[in-house]
Amino acid sequence: MYIHDLNQDQAEKVLLTGPDTCVIADNKTIRPCVGCFGCWVKTPGRCVIKDGYEHMGELLGKTTELIIISKMTYGGFSPFVKNVLDRSISYIHPYFQIRNAEMHHQRRYDNVIKIRAFFYGDHITQEEKNTAKSYVEAVCINLDAQFEEIRFASMDELMEGNLC
Amino acid sequence: MLTIAFINGSPKAKESASGCLLKELKGFLQDSEITEFRLRTAEGRDLAEILKNDVLVFSFPLYVDGIPSHLLRCLTQLEELSKESKPTAKVYAICNSGFYEGHQNRHALQMIENWCAKSELNWGQGIGIGGGGMILSIQSVPSGKGPKKKISSALATMAGNILSTRSESNLYTAPGFPRFLYKLSAEMGWRQAVKANGHKTGDLSTRR
């Protein structure tokens, strides 16, 4: 699965897709999570907001590799990519468990997702890189996923496939 | 008089832990002019007004280890506005999460600090608060007492820093309540909630 915030032309240059690839892109209809927890207690496993992004939890439940391509935004993902992740919490279970001596959510599905994150931007600071490295690892721990790699690039480098 | 913008970043229309924490902070901020803003949607109005204040205090819930997307969109808009208006505000932030450990909010606070750098605003201090699931249920407990003691202390420290527009290291705290009981209480709450919606307890584990 790809989750990205590129426009169509940019995505066509960068993404390698096949028959089993799911691409989550910005079709300008996504609505923010409202913190209602309906995806846990009203329609367990599915978001209650019907805007085309309500199936994120179940899609992630069928995913083994996730590549996130996002504009660097203060050390985290862009508003669209973060919106998708906020709308994905039905992937996990509301119950807690202790992992790494911290409280995290139990898993709902058995699949373990390998996560790669590519951040692009023309003025990425060292502080943003430091935050992003620690942040993506924390997201992996919370999703009980496997951290694979994180890379940073300018938009030009991203378009050339030159991620450093 | 110091002008302070309270920015409630909770998406909830009614009561929220974020609002509850701002209410308690307000009690420590005498002799200051506080304006409250709600940023529930991406169509952030009043954004230019926010930047006119001496101090900005954000209070928001942790979403997937970071800033909720609706608030993040507003921050990108505020960054653009700051390039025109050249504000000089000092920024403080309170992030609460459903996890017990306050330090799990650290990335969201770092992101606010990074936003300050991009917007040429001055970072003051952040508080990461765990156990957010019980903040509303203890709101009637007097400030500084019982399970509120540690949270009240952190908010009082932040208030002192706000009043003197001082920067200090982030603080991390949680309600004074055992972690295992918090975990059990939360799970009981989920069982009650799913039943109230006409489901069985086992439906909490539904796979699609």
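Here, the structure is the one placed above.
Residues numbered from 1 in each chain as written. Chains lettered and ligands numbered in written order. Predicted model: local features only at pLDDT ≥ 70, side-chain atom pairs only at ≥ 80, totals over all residues. Heavy atoms only, no water.

K.L.:
So what exactly am I meant to see when it comes to the packing of helix α3 (residues 69–85) of chain B against helix α4 (residues 106–119) of chain B here?
P.N.:
Pairs of packed helices are described in terms of their axes, by the angle between the two and the distance that separates them. All names here are of chain B. Closest axis-to-axis distance for the α3/α4 pair is 9 Å, and the angle between their directions is 25°. In terms of orientation, α3 and α4 fall into the roughly parallel class. Read as a crossing pair, α3 and α4 show a hand that is right-handed. Contacts between α3 and α4 pair Leu75, Leu78, Glu79 and Ser82 from the former with Ile112, Trp115, Lys118 and Ser119 from the latter. Grouping the constituent residues of the contact of α3 with α4 by class yields four nonpolar, two polar and two charged. (Axes fitted to C-alpha atoms, helices over the stretch in contact; angles between N-to-C directions. Helix = DSSP H or I, 4+ residues; strand = E, 2+ residues; numbered from the N terminus. Parallel < 35°, antiparallel > 145°, perpendicular 65-115°, else oblique. Left-handed = near helix turned anticlockwise from the far one by under 90°. Contact = heavy atoms within 4.5 Å. Nonpolar A, V, L, I, M, F, W, Y, C, P; charged D, E, K, R; others polar.)

K.L.:
Honestly, α4(B) in this entry has me stumped. Any pointers?
P.N.:
Three- or four-residue spacings in an α-helix give side chains the same orientation, since the helix completes a turn every 3.6 residues. Given a rise of 1.5 Å per residue, 14 residues ought to cover 20 Å, and the 20 Å separating the end C-alpha atoms of α4(B) matches this to within 8%. For α4(B), the complete set of buried residues consists of B:His107, B:Ala108, B:Leu109, B:Met111, B:Ile112, B:Asn114, B:Trp115, B:Cys116 and B:Ser119. In the core, the buried residues of α4(B) are packed alongside α5 (126–142) of chain A together with β3 (55–61), α3, β4 (90–96), β5 (122–129) and β6 (171–173) of chain B. Count one or two residues on from α4(B) and you reach B:Glu120, which has phi positive near 55°. (Expected span 1.5 Å × (residues − 1). Buried < 20%, exposed > 50% of the residue type's maximum accessible area, 1.4 Å probe, protein only.)

K.L.:
Mind showing me how you'd approach the pattern of salt bridges here?
P.N.:
Residues and elements named next belong to chain A. Taken as a whole and judged by the stated rule, the model has 19 salt bridges over all chains. Where Arg116 meets Glu149, a salt bridge forms, and the shortest distance between an N and an O atom there is 3.0 Å. Here Arg116, found in strand β6 (residues 114–120), pairs with Glu149, found in strand β7 (residues 146–153); they are 33 residues apart in sequence, far enough to count as distant. Take Arg116: its relative accessible area is 22%, and that puts it in the partly exposed class. Salt bridges sharing common partners tie together Glu65, Arg116, Glu148, Glu149 and Arg151. (Salt bridge = Lys/Arg side-chain N within 4 Å of Asp/Glu carboxyl O.)

K.L.:
Where do I start with the interface of chain B and chain A in this structure?
P.N.:
Interfaces are often sized by the accessible area lost when the parts come together. Contacts between chain B and chain A engage 46 residues on the former and 53 residues on the latter. Across the chain B/chain A interface, buried area totals approximately 4200 Å², and carbon plus sulfur atoms make up 58% of it. Area buried by chain B at its contact with chain A is led by B:Val64, B:Trp190 and B:Arg208, which between them contribute 18% of it. Counting the contacts that link chain B with chain A gives two salt bridges. With a shortest N-O distance of 3.0 Å, A:Asp110 and B:Arg207 are connected by a salt bridge. Along the contact surface separating chain B from chain A lie 29 residue pairs in polar contact (both at pLDDT 80 or more). Where the side of chain B that touches chain A is concerned, the elements lending two or more residues are α3, α4 and α6 (179–196) of chain B. Here the residues of the side of chain B that touches chain A are counted per class, giving 17 nonpolar, 15 polar and 14 charged. (Buried area = accessible area lost by both parts, 1.4 Å probe. Polar contact = N/O pair within 3.5 Å; in protein donor to acceptor, adjacent residues only side chain to side chain.)

K.L.:
Would you mind going over a nonpolar patch on the surface with me for this structure?
P.N.:
Residues and elements named next belong to chain B. A grouping of Phe180, Leu181 and Leu184 is seen on the molecular surface, where their side chains present a nonpolar patch of about 290 Å² in accessible area. Tracing the chain through its elements places Leu184 in helix α6. The class of Leu184 is partly exposed, set by a relative accessible area of 47%. (Patch = residues over 30% accessible without salt bridge, like charges linked within 9 Å, V, L, I, M, F, W, Y side chains within 5 Å. Areas by Shrake-Rupley, 256 points an atom, 1.4 Å probe, with all protein chains shown as cover.)

K.L.:
Help me understand the layout of surface pockets in this model?
P.N.:
By rolling a water-sized probe across the atoms, one finds the places where empty space is left. For the largest pocket, the calculated volume is near 1100 Å³. Along its surface, the largest pocket is lined by 42 residues, and A:Phe37, B:Lys12, B:Ser97, B:Gly98 and B:Gly133 are the ones closest to its centre. Going through the elements one at a time, β4 (92–99) and α5 of chain A together with α1 (17–26) and α6 of chain B are the ones with two or more residues in the lining of the largest pocket. When the residues that make up the lining of the largest pocket are grouped by side-chain class, the tally is 23 nonpolar, 14 polar and five charged. Taken domain by domain, the makeup of the lining of the largest pocket includes at least three residues from each of domain 1 (3–177) and domain 2 (179–208) of chain B. Considered as a void within the structure, the second largest pocket measures approximately 610 Å³ in volume. When contributions to the lining of the second largest pocket are tallied by element, the ones reaching two or more residues are α4 (79–86) of chain A together with α3 of chain B. (1 Å grid on protein atoms, 1.4 Å probe; cavity = no way out; pocket = protein on both sides within 12 Å on 5 of 7 lines; lining within 4 Å. Points joined across faces, edges and corners; volume = space filled by probe spheres on them. Domains from an automatic or database assignment.)

K.L.:
Can you walk me through the packing of aromatic side chains in this structure?
P.N.:
The description of an aromatic ring pair uses the distance of the two centres, along with the angle that the planes make with each other. One pass over the full model with this rule turns up 12 aromatic pairs over all chains. Taking 5.1 Å as the distance between ring centres and 85° as the angle between the ring planes, the aromatic pair formed by A:Trp40 and B:Trp190 counts as edge-to-face. With A:Trp40 in helix α2 (residues 38–41) and B:Trp190 in helix α6, the pair connects residues from two separate chains. The pair formed by A:Trp40 and B:Trp190 is uniform in burial state, with each residue classed as buried. Where B:Phe58 meets B:Trp115, the ring centres are 5.5 Å apart and the plane angle is 85°; that geometry is what we call edge-to-face. Residue B:Phe58 is found in strand β3, and its partner B:Trp115 is found in helix α4; the two are separated by 57 residues along the sequence. Overall, B:Phe58 belongs to the buried group, its relative accessible area being 1%. Residue class for B:Trp115 comes out buried when judged on its relative accessible area of 0%. (Phe/Tyr/Trp six-rings, centres within 6.5 Å; stacked < 30°, edge-to-face > 60°.)

That's the geometry; what it means functionally is another story.
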